[in-house]
Amino acid sequence: MRWICFLILAGIACLLQHSVLGNVRFGPDLPLALAMWAMVDGDEDGFIQRVWLVGVMCDLMDPAGGCFHSVVYLLLAAAYLPMRSIFFRTRGMGWGAVAFVAALIVPGIDGLVSGWGDLSVAVVLIGAALTSAVAIAFGWVFNGLPASLSPVGKAGA
């Protein structure tokens, strides 16, 4: 049941990101916020797979995605693995900090791979702050769910 709930949430986040928020210049990255919250707050059982699946869903819904999101999200999860034990996983500061850093890294990689276009420092910083806030909101909302409906397992801090 946990995986089904998580996949539905990831699908909704990706759909909103690539439809409603597709033309918003200063907007959060909803799938990235969900993936980073799930990576930090969730248990170790399948956390890399959860992050990778969000990336795959982004690639399926993004017309220009290719395999960019799935590869970058997988690399973020692999980079986070050795640091997992030092974060307070059930606290908003941990969710927000990891989402903020990830929201700085992903546009940087995208700029290196496909060009910077009209990307500016202000756009990246505002987007990272909003993505961080959304990751914290995901944590606050989904931590109150019963264990059977929780999209990620409880790992503790």
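I will try to describe carefully the structure that is included in this document. (Residues numbered from 1 in each chain as written. Predicted model: local features only at pLDDT ≥ 70, side-chain atom pairs only at ≥ 80, totals over all residues. Heavy atoms only, no water.)

On to the overall build of the protein chain, then. Scanning the protein chain from terminus to terminus reveals six helices and zero strands. The N-to-C order of helical and strand elements in the protein chain reads α-α-α-α-α-α. Over its C-alpha trace the protein chain gives a radius of gyration of 14 Å, about what one expects of a compact globule, namely 15 Å for 157 residues. For the C-alpha atoms alone, the extent of the protein chain along its principal axes is close to 45 × 30 × 25 Å. Put simply, the protein chain has 157 residues, and 46% of those count as buried. Within the protein chain, contacts between residues at least 6 apart in sequence are counted, and of these 74% link residues at least 24 apart. For the protein chain, the exposed surface amounts to about 7,900 Å²; the carbon and sulfur share of it is 72%. In the protein chain, which carries 7 positive and 9 negative side-chain charges, the distance between the mean positions of the two groups comes to 11 Å. (Helix = DSSP H or I, 4+ residues; strand = E, 2+ residues; numbered from the N terminus. Rg over C-alpha atoms; globule rule 2.2 N^0.38 Å. Buried < 20%, exposed > 50% of the residue type's maximum accessible area, 1.4 Å probe, protein only. Contact = heavy atoms within 4.5 Å. Areas by Shrake-Rupley, 256 points an atom, 1.4 Å probe, with all protein chains shown as cover. Lys, Arg positive; Asp, Glu negative; His and termini not counted. Charge placed at Lys NZ, Arg CZ, Asp CG, Glu CD.)

Counting residues in each nonpolar core, the largest one holds 38 residues, and the members touching the most others are Leu 32, Met 36, Trp 37 and Met 39. Breaking this core down by element, the ones donating at least two residues are α1 (2-17), α2 (30-41), α3 (47-61), α4 (68-80), α5 (92-114) and α6 (121-142). Among the elements that line this core, the one with the most residues is α2, at ten residues. The contacts of Met 36, once residues within four sequence positions are left out, are Val 51, Leu 76, Val 98, Ala 99 and Ala 102. (Core = buried A, V, L, I, M, F, W, Y, C linked by side-chain atoms within 4.5 Å.)

With 23 residues, α5 should cover 33 Å at 1.5 Å per step; its first-to-last C-alpha distance of 33 Å lies within 8% of that length. The inward-facing, buried residues of α5 abut α2, α4 and α6. Gly 115, located one to two residues past α5, shows a positive phi value of around 100 degrees. (Expected span 1.5 Å × (residues − 1).)

Glancing now at the packing of α2 against α5. In a pair of packed helices, the angle between the axes and the distance between the axes together describe the arrangement. Running from N to C, α2 and α5 point in directions that differ by 135 degrees, and their axes come no closer than 9 Å. Overall, the two elements α2 and α5 adopt an arrangement that is oblique. In the crossing of α2 with α5, the sense of the turn from one axis to the other is right-handed. Side by side, α2 and α5 meet where Leu 32, Met 36, Trp 37, Met 39, Val 40 and Asp 41 of the first sit next to Gly 94, Trp 95, Val 98, Ala 99, Ala 102, Ala 103 and Val 106 of the second. Class assignment for the residues of the contact of α2 with α5 results in eleven nonpolar, one polar and one charged. (Axes fitted to C-alpha atoms, helices over the stretch in contact; angles between N-to-C directions. Parallel < 35°, antiparallel > 145°, perpendicular 65-115°, else oblique. Left-handed = near helix turned anticlockwise from the far one by under 90°. Nonpolar A, V, L, I, M, F, W, Y, C, P; charged D, E, K, R; others polar.)

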